[in-house]
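Commentary on secondary and tertiary structure
Each chain is listed here by its residues.
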Amino acid sequence: MKRIILSAITLSLLSVSCKNTQLQNTQSTKNQLVKANLTDARLMDLVQKESLKYFWDYAEPNSKLGRERYHEDNIYPDNDKHVVTTGGSGFGLATVLVGVERGFVPRKEAVKRLTTMMDFLAKADRHKGAWSHWINGETGKTVPFGKKDNGGDLVETAFLTSGILMVREYFKNGNAEEKALAKKCDELWKGIQWNWYTKGGEKVLYWHWSPDYQWEMNFPLQGYNECLITYILAASSPTYPIDAETYYKGWTRNGTYLSDKEKYGLPMYVKHNGAEEYGGPLFWAHYSYIGLDPTNLSDKLIRNYFDLNKNQVLIDYKYCVENPKHWKGYGPDYWGLTAGYSRNQDGGVGYDAHFPQNDRGVITPTAALSSFPYTPKESMDFLRFLYTQKPEFIGSAGPYDANSIHYDNWTTPRYLAIDQGTIAPMIENYRTGFLWKLFMNAPEIRQGLKKLDFKSEKYNIR
């Protein structure tokens, strides 16, 4: 099932059992209420640990990468239980690092598992160094995302690479096994031919390339959505880099992606592709920022990326509080619209990119939970409401992907990697900045950001 991208279509997922290395059940066992007096810190521990289960307990067995989806009901209409997702696996790498740092999983076990992942990725199909969106977790072969989408997916590769670089940085000064893991990560990173995806030197990156269909997908990465990290990594590559002109001419549309519009008195700063009035689904404020720290981060056009993201999240929050469509439940402790599973009109499970202009009464928990760095109070209110009032919305790997109070507490016992994978990392970035520090201090990233005229006083990038 394809993650919906607005610009293309809609404009158009505390102890450890060392015996079996599975995370033990936590206090919020399915369908049990969490005590209302649990501290904020314990609640964050809880949801981080439970979200980690998606990538630890329920990883694809052979590759150990993140499955595209995990269904508690074991119903897989597309028979894709073995299919892994590259982008979601990148978020999974970051989630595992959080697990190690917080003591949820043993460091030695994590190194062993991460090494298995890197060995699998090294042998898996690559397309000018990039991986496909979906990979068969048993064979390493490309699984087509669509008829012509059977080659390299540069954006999903970027999400994966962000995680790979953080793994490298975390373990590069460790013991022999950890240094060997870091070396594998470094080799994977250096093998990606980012500049190939300019289609012969055009001043823009393209999303897809196929050995069978070449550039027929024809999707340039332009204007604001979730893809910023692709340009950051491409500019930072020590082997196949792009230049700054490609970033400013391509991504920013020669600067024309800027916006002077406001919503609820909050400046938008940029034109969100296909969602200029309220902004896009909230994953746009998450995916690129698992490693890229937006705090006081600027380039030649944007003064502060943190403000850009914070305003997008606050606009989504204020929209849900205003609740112009009068959905039951919407309010200060029940909000958050982003892409994920959805409720079809017949009550069945579908998929949609939820945002204010495409609001179907369905809330996706990752939207608010992964927004902790921007809206800590509002996100905590949602987290506390979910765990103390709505246990039916929580399963074996944390909050289910989607729910709706309006439709008689509808939910689906299913998870998606791209949703579950941002929860623990973004909460950790709010709590300690752990992943941000790893990524932003990688030597190549520092140089790449300087090349693109990004500045960050926090990391002494000028």
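As recorded by an unreviewed UniProt entry, the protein carries the name Glycoamylase-like domain-containing protein and is attributed to Chryseobacterium hagamense.

1. Digging into the overall build of the protein
Of the regular secondary structure elements, the protein holds 15 helices and 15 strands. Expected size for 462 residues packed as a compact globule is a radius of gyration near 23 Å; at 20 Å, the protein falls within 12% of this value. C-alpha atoms of the protein, sized along the principal axes, occupy 55 × 55 × 45 Å. Residue burial in the protein is summarised as follows: out of 462 residues, 64% are buried. Looking at the protein as shown, the accessible area adds up to about 16,400 Å², and 47% of this sits on carbon and sulfur atoms. Seen as two clouds, the 56 positive and the 52 negative side-chain charges of the protein have centres 4 Å apart.

2. Digging into the packing of helix α4 (residues 107-123) against helix α6 (residues 176-190)
Helix packing geometry: the angle between the two helix axes and the distance between the axes. Between α4 and α6, whose axes approach to 10 Å, the crossing angle comes to 30°. Put simply, α4 runs roughly parallel to α6. Between α4 and α6 lies a crossing of left-handed hand. Of α6, the residues touching α4 (which contributes R107, V111, L114, T115, M118, D119, L121 and A122) are E177, E178, L181, K184, C185 and L188.

3. Things to note about the pattern of salt bridges
One pass over the full model with this rule turns up 27 salt bridges. Its salt-bridge partner being R431, residue D45 comes within 2.8 Å of it at the nearest N-O pair. Taken together, the residues span a long stretch of sequence, with D45 in helix α2 (residues 40-56) and R431 in helix α13 (residues 423-431) at a distance of 386 residues. A relative accessible area of 14% means that D45 is categorised as buried. One salt bridge in this structure joins E457 and R462, with 3.1 Å as the shortest N-O distance. Relative accessible area serves as the criterion here: at 57%, E457 is assigned to the exposed category. Judged by relative accessible area, which is 55%, R462 ranks as exposed. Ionic contacts of the salt-bridge type, sharing partners, join the residues R168, E169, K172, D186, K190 and E444 into one network.

4. Let's talk about the sheet that holds strand β2 (residues 83-85)
The antiparallel open sheet is built from 3 strands, whose spatial order is β2-β3-β4. The open sheet terminates on both sides in strands that have one partner only, identified here as β2 and β4 (142-143). Of the strands in this sheet, β2 and β3 (134-136) are in contact with helix α3 (residues 86-101), which crosses β2 at around 65°.

5. Brief notes about the environment of G331
In this fold, G331 is placed in the loop between α9 (305-322) and β9 (339-343). Taking the relative accessible area as the measure of exposure, G331 reaches 5% and is therefore buried. Each C-alpha atom of the pair G331 and Y54 lies 28 Å from the other, and the pair is 277 residues apart in sequence.

6. Digging into the confidence of the model for the protein
With 93% of its residues at a pLDDT of at least 70, the protein reaches an overall mean of 94. Contacts for the low-pLDDT stretch residues 1-20, under 50 throughout, to residues beyond four places or in other chains number 78 contacts.

7. Overview of unusual backbone geometry
If you check the backbone angles, D453 has positive phi at about 65° while not being a glycine. Position of D453 among the secondary structure elements: in the segment after α15 (443-451). The phi angle at N460 is positive, at roughly 55°, despite the residue not being glycine. Tracing the backbone through its elements, the reader meets N460 in the segment after α15.

8. What about the nonpolar core?
The biggest cluster of nonpolar side chains holds 140 residues, and the ones touching the most others in it are L292 and Y305. If you tally residues by element for this core, the top one is helix α5 (residues 154-171), at 11 residues. When near neighbours in sequence (up to four residues on either side) are disregarded, Y305 contacts L228, Y247, Y257, Y289, P294, L297, S298, D299 and F454. If you look at the next biggest cluster of nonpolar residues, it comprises 9 residues, including F55, Y76, Y400 and Y415.

9. Some remarks on the environment of K112
Within the fold, K112 resides in helix α4. Measuring from C-alpha to C-alpha, the distance between K112 and E177 comes to 8.4 Å, with 65 residues separating the pair along the chain.

10. Observations concerning helix α7 (residues 228-236)
A large share of α7 lies buried, amounting to 9 of its 9 residues. Buried residues of α7: L228, I229, T230, Y231, I232, L233, A234, A235 and S236, and no others. Elements in contact with the buried residues of α7: α5, α6, α8 (244-251), α9, α14 (434-440) and α15.

11. Let's talk about the packing of aromatic side chains
Between two aromatic rings, the relevant description is the distance of the centres plus the angle of the planes. Applying the stated criterion across every chain yields a total of 33 aromatic pairs. On the numbers, 5.2 Å between centres and 85° between planes, the contact of Y317 with W335 is edge-to-face. Highlighted residues: Y317 in helix α9 and W335 in the loop between α9 and β9, separated in sequence by 18 residues. According to the relative accessible area criterion, Y317 is buried, its value standing at 14%. Ring geometry for F372 versus Y430: centroids 5.4 Å apart, planes at 35°, classification tilted. Here Y430 lies in helix α13 and F372 lies in the loop between α10 (365-369) and α11 (376-389), a separation of 58 residues in the sequence. A relative accessible area of 1% means that F372 is categorised as buried.

Criteria and cut-off values
Residues numbered from 1 in each chain as written. Predicted model: local features only at pLDDT ≥ 70, side-chain atom pairs only at ≥ 80, totals over all residues. Heavy atoms only, no water. Helix = DSSP H or I, 4+ residues; strand = E, 2+ residues; numbered from the N terminus. Rg over C-alpha atoms; globule rule 2.2 N^0.38 Å. Buried < 20%, exposed > 50% of the residue type's maximum accessible area, 1.4 Å probe, protein only. Areas by Shrake-Rupley, 256 points an atom, 1.4 Å probe, with all protein chains shown as cover. Lys, Arg positive; Asp, Glu negative; His and termini not counted. Charge placed at Lys NZ, Arg CZ, Asp CG, Glu CD. Axes fitted to C-alpha atoms, helices over the stretch in contact; angles between N-to-C directions. Parallel < 35°, antiparallel > 145°, perpendicular 65-115°, else oblique. Left-handed = near helix turned anticlockwise from the far one by under 90°. Contact = heavy atoms within 4.5 Å. Salt bridge = Lys/Arg side-chain N within 4 Å of Asp/Glu carboxyl O. Pairing = 2+ DSSP bridges. pLDDT = per-residue confidence, 0-100. Core = buried A, V, L, I, M, F, W, Y, C linked by side-chain atoms within 4.5 Å. Phe/Tyr/Trp six-rings, centres within 6.5 Å; stacked < 30°, edge-to-face > 60°.

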